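# Chain and residue survey
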Amino acid sequence: MAIAKRSRTELATQRFEYAPAPESTDHVKIEKRYDLFIGGHMVKAHSQKRFPTINPANEEKLSEVVEADEVDVDRAVKAASKAFDSWSRIGPSRRARYLFRISRILQERARELAVVETMDGGKPIKESRDVDIPLSAAHFFYYAGWADKLEWAFPNVKPRPIGVAGQVIPWNFPLLMLAWKIAPALAAGNTVVLKPAETTPLSAMLFADICMQAELPDGVVNILTGAGKTGSLVVSHPAVRKVAFTGSTEVGKLIQRSLAGTGKRLTLELGGKAANIVFEDAPLDAAVEGIVNGIYFNQGHVCCAGSRLLVQESIFEPLLEKLKIRLGTLRLGDPLDKNTDIGAINSKAQLEKIAGLVESGVEEGAELYQPECKLPERGFWFPPTLFTNVSQSYRIAREEIFGPVLSVLTFRTPDEAVEKANNTPYGLSAGVWTDKGSRILWMAERMRAGVVWANTFNRFDPTSPFGGYKESGYGREGGLHGLLPYLELN
Amino acid sequence: MDVRKTYKLYVGGEFVRSESGRAYRPDGSVNVPRGSRKDLRDAVRAARSALGGWSTRTAMNRGQILYRAAEMLDGRRAQFVEVLGGGRASAREVEQAVEALVWYAGWTDKLAQVAGNTNPVAGPYFNFTIPEPTGVVGIVAPEEPALAGLVRRIAPALCGGNTVVVLVPESHPLPGLTLAEVLATSDLPGGVVNVIAGYRKELLPWLAAHMDVNAIDVAGCTPEEVASIEKVAAENVKRVVKHGADVMSPHLITAFMEMKTVWHPIGV
């Protein structure tokens, strides 16, 4: 026993030194400033306001984008309306071919996109390279094939496009969220005006270039940069008939309220506070990997992150020991380094929010654990963090932190696990770890959440519908169900 | 001499007077209980407690109970024709209501096969999507057709495993209140359907704002009412369901449902 213990402790403190392995950036060209993508071209904005977009890993300015104003939004929506007439009527198989083409270009320019995504957003290159960009391309490829098969998907009703879709996306998966929004909208025959998040506009600007390269008809996709104000102008424009938003529950509620009585169609993909539930019979090593992936993937900037770990009491100690050891091996640092596990926090504001919530956890009485971890001097960073001794009433157990912060709670019986997991206004995702098949299905049935990962976590696929229960929003993205928000069915 | 019927609200499987003790006379003669905010809250609580049992019944069992409701309604045709005012149009409406119950009864154990999927993800995972009930559904019943319209809204919500709180039309509450008598004798567990009558302006804002109501069907609302409902519905991201009163469709069942996707690795 003693020997085993010592060797484990040694492992925990042992450091593997890696030589730096930075991804090269010389093949990437970021313009000094970007205009707006309206009617098929990069056009000069009416708005005189510009703001910088920075690299959160070193706070250096990468470029400057426009804060689109009312006139710009109106122009973009008009361009989309004009394009809708022809786009909704061209042969569906031609629509499909444009989407296939976009998917292929995304694959061809994958590394460039991955590097830009990492520079602008702070996520590790291995994630943008292996997750964000391939999934974005796959999403376009999947929905491309649907464009000329809608009647087969929805028999006995006449599926028709809605019109201009106004889409507002977050900064955690900039290009992937763009793909989730644009691909199904276009496949169904709609045209779009999309606003990327203010801290991560660059991959959307590259996507504008890809639309031009694909010779997508003018105005089918329009991209406006800006902050919340621009977003609210987009969703409230009277000619926008469909609104899709991914972001915080707070803003989602504002949008739902602001669209009241307008007859606009709305889908919301909002926040989460997912439970990741580990039973005593679970394969612990696999569970530890799932827990780490669940909350530290993308610095925890994931709406479906497994931010509440529910551990069966009997395995609390061994699991926590393994988890802490694993935390000690995570490598935090330069997002462009191919060995980096945890990159930079997306923005100063987000860093402050995370720090504030972590402070509240300490104040409320939870026990903080952070592995020894050197943070770079410049940029925005937060070490992987774990709280034990957490009560369900603590803010860190109730509120979405959107950072690398895990709250650990315990349970004794399956019923208690269900009760605790569902004790939240959110309902986006849940995780279950157990070796017992019947229990997996029993738990999956009882989770009030749109996605249940059993013996895995944070898996995504274009064919797999994603979206929330309760205050995590409504509507699905991905799969056949992902077409529904963009179609009229009568 | 007639033995007259006292009309009551239907809450938690029981026929009750309004806790407020009030009544109103929409047609000038019959006293109808004028439900209060408290009655509405009781109804939501009853619906929430009934949800676990109803949503976990087998789909086949839910189908049998909906079909039983059709049988009970069919057996009381004459009474409903009278409540609706008599004549061929009323007879036709009762037939439509029976038909809606039979149609949705047959959907309970087929919906998941039409609206669910297995999804061929690009990796060693088994992945499937199934529809599940949204939860407690508020239904603002349309004024016309008072019976068929109401049944066409309730049936899809029940078909999917939800429990409901119905506001019957203020000016025309009797068909809905009488329908409660049919449902009470159809093996539908208490609390699965709750029926409240009363003044619309007293009840609607509270139903729309209730934090334990997951979805609201606005078939019986004016555009102004829809706008104000949508505003307060945002407080708990309530689903606001807007379909014509004459629609029957599996898409109406799924309008009261959530899609759940489950992943599991495949391996030895």
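These numbers were taken from a predicted model, which means no experiment stands behind them.

Once that is clear, we can look at the overall build of chain A. Secondary structure assignment for chain A yields 16 helices and 19 strands. What you see for chain A is a C-alpha radius of gyration of 23 Å, in line with the 23 Å of a compact globule of 490 residues. For the C-alpha atoms alone, the extent of chain A along its principal axes is close to 75 × 50 × 35 Å. Burial analysis of chain A (490 residues in total) assigns 57% to the buried set. For chain A, contacts bridging at least 24 residues in sequence account for 72% of all contacts bridging at least 6.

Taken together, ten strands build an open sheet; the order of strands is β13(A)-β14(A)-β15(A)-β12(A)-β11(A)-β16(A)-β17(A)-β12(B)-β6(B)-β5(B) and the sheet is mixed. Edge strands, defined here as strands with exactly one partner in the open sheet, are β13 (367-369) of chain A together with β5 (117-118) of chain B.

What follows is about helix α2 (residues 59-75) of chain B. All names here are of chain B. The end-to-end C-alpha distance of α2, which contains 17 residues, comes to 25 Å, matching closely the 24 Å that a straight helix rising 1.5 Å per residue would cover. Listed as buried for α2 are Arg62, Ile65, Leu66, Ala69, Ala70, Met72 and Leu73. Around the axis of α2, the buried residues are gathered within 165° of arc, so they sit on the same side. Seen from the buried face of α2, the exposed residues on the opposite side, beyond 90 degrees, are Met60 and Gly75. In this structure, the buried residues of α2 make contact with α4 (87-105), α6 (146-159) and α7 (174-184).

Bringing the domain arrangement of chain A into the picture now. Size of an interface: often given as the accessible area lost when the parts come together. All names here are of chain A. In terms of domains, chain A is made up of domain 1 (36-270 + 469-488) and domain 2 (275-454). Centre-to-centre, using C-alpha coordinates, domain 1 lies 30 Å away from domain 2. Opposite the 19 residues of domain 1 that make contact, domain 2 presents 25 residues. Within the residue set of the side of domain 1 that touches domain 2, elements represented by two or more residues are α4 (110-121) and α5 (125-146). The biggest single contributor to the side of domain 1 that touches domain 2 is α5, with three residues. A per-class count over the side of domain 1 that touches domain 2 returns six nonpolar, seven polar and six charged.

In this section: the pairing of strand β8 (residues 163-167) of chain B. Remark: a regular strand shows side chains that alternate across the two faces of the sheet. Residue and element names in this part refer to chain B. Here β8 lies mainly inside the structure; five of its five residues are buried. The pairing of strand β7 (residues 136-140) with β8 spans five bridges and is parallel. Among the inter-strand pairings, Gly138 is bridged to a residue of β8, identified as Val165. Following the chain from β7 across α6 to the adjacent parallel β8, one finds a crossover that is right-handed. Where β8 and strand β9 (residues 193-196) come together, four bridges link them in parallel fashion.

A separate point is the packing of α2(B) against α4(B). Residues and elements named next belong to chain B. Relative to each other, α2 and α4 sit at 165°, their axes nearing to 8 Å. The angle between α2 and α4 falls in the class roughly antiparallel. Here α2 and α4 pass one another in a crossing that is left-handed. Contact with α2, carried on its side by Gly63, Leu66, Tyr67, Ala69, Ala70, Leu73 and Asp74, involves Ala97, Val98, Leu101, Val102, Tyr104 and Ala105 of α4 and no other residues of that element. Here the residues of the contact of α2 with α4 are counted per class, giving eleven nonpolar, one polar and one charged.

Taken together, the contact between chain A and chain B spans 33 residues of the former and 27 residues of the latter. Grouping the constituent residues of the side of chain A that touches chain B by class yields 15 nonpolar, eleven polar and seven charged. Both strand β17 (residues 451-454) of chain A and strand β12 (residues 257-265) of chain B contribute to a ladder of three bridges, which runs parallel. The residue bridging A:Trp453 from the neighbouring strand is B:Trp263, located in β12(B).

All names here are of chain A. Where helix α7 (residues 174-187) meets helix α8 (residues 202-213), the closest approach of the two axes is 8 Å, and the angle between their N-to-C directions is 50°. In terms of their interaxial angle, α7 and α8 are classed as oblique. Remark: the crossing between α7 and α8 carries right-handed chirality. Of the residues in α8, those touching α7 at Pro174, Leu175 and Leu178 are Ser203, Ala204 and Phe207.

This part is about the nonpolar core. Judged by nonpolar contacts, the single largest core of 177 residues is most densely connected at B:Leu101 and B:Val166. Here this core takes eleven residues from α7(A), the largest share from any one element. Apart from the residues lying within four places of it in its own chain, the contact partners of B:Val166 are B:Ile139, B:Ala141, B:Leu150, B:Ile154, B:Gly176, B:Val193, B:Asn194, B:Val195 and B:Ile196. Formed by 70 residues, the second largest nonpolar core is a distinct cluster that contains A:Val292, A:Val302, A:Leu310 and A:Phe457.

Turning our attention to the pairing of strand β7 (residues 191-195) of chain A. Residues and elements named next belong to chain A. Within β7, five of the five residues are buried, leaving the element largely enclosed by the surrounding structure. Summarising the sheet, β7 and strand β8 (residues 221-223) pair through three bridges and their orientation is parallel. Opposite Leu194, over in β8, you have Ile223 as the bridge partner. Chirality of the crossover, the property in question, places the unit of β7, α8 and β8 among those that are right-handed.

Attention now goes to the environment of A:Asn293. Residues and elements named next belong to chain A. Within the fold, Asn293 resides in helix α11 (residues 284-296). Counting along the chain gives 48 residues from Asn293 to Asp341, while the straight-line C-alpha distance between them is 10.0 Å. Contacts of Asn293, omitting those with residues within four sequence positions, involve Phe457 and Asn458.

On to unusual backbone geometry. With omega at -10°, the peptide bond leading from B:Glu144 into B:Pro145 counts as cis. Tracing the sequence through the fold places B:Pro145 in the loop between β7 and α6. Residue A:Asn455 is not a glycine yet carries a positive backbone phi of 55°. Relative to the helices and strands, A:Asn455 is located in the loop between β17 and β18 (473-474). A tally of 20 C-beta atoms within 10 Å means that A:Asn455 is categorised as buried.

Criteria and thresholds
Residue numbers restart at each chain and count upward from 1, following the sequence in its written direction. Chains and ligands are labelled by the order in which they are written, letters from A for the one and numbers from 1 for the other. In keeping with the predicted nature of the model, local features appear solely for residues at pLDDT of at least 70, side-chain atom pairs appear and are counted solely at 80 or more, and the whole-chain, interface and lining totals rest on all residues. The numbering of helices and of strands both runs from the N terminus, where a helix is a DSSP run of H or I of at least 4 residues and a strand a run of E of at least 2. Radius of gyration here is computed from C-alpha atoms only, and the compact-globule reference equals 2.2 Å multiplied by the residue count raised to the power 0.38. Counting other C-beta atoms within 10 Å of each residue's C-beta, where C-beta atoms are placed from the backbone, gives the exposure class: buried for 20 or more, exposed for 12 or fewer, partly exposed between. Our contact criterion uses C-beta atoms placed from the backbone: two residues qualify when those atoms are within 7 Å. Paired strands, in this sense, are two strands between which DSSP finds at least two bridges. The length a helix should cover is 1.5 Å for every residue beyond the first. Arc definition: it is the arc formed by the directions from the helix axis to the C-beta atoms. What marks off one domain from the next here is an automatic or database domain assignment. When residues are grouped by polarity, Ala, Val, Leu, Ile, Met, Phe, Trp, Tyr, Cys and Pro land in nonpolar, Asp, Glu, Lys and Arg in charged, and all others, Gly among them, in polar. Handedness rule for crossovers: strands pointing away from the viewer, path from the first strand over the helix to the second running clockwise, crossover right-handed. An axis is simply a line fitted to the C-alpha atoms; with a helix, the fit covers only the stretch in contact. Between two such axes, the angle follows the N-to-C directions and lies from 0 to 180 degrees. Roughly parallel covers angles under 35 degrees, roughly antiparallel covers those over 145, roughly perpendicular covers 65 to 115, and oblique covers all other angles. Note: crossing handedness is left-handed where the near helix turns anticlockwise from the far helix by less than a right angle, and right-handed where it turns clockwise. As used throughout, a nonpolar core is a set of buried Ala, Val, Leu, Ile, Met, Phe, Trp, Tyr and Cys residues joined through C-beta atoms within 7 Å of each other.

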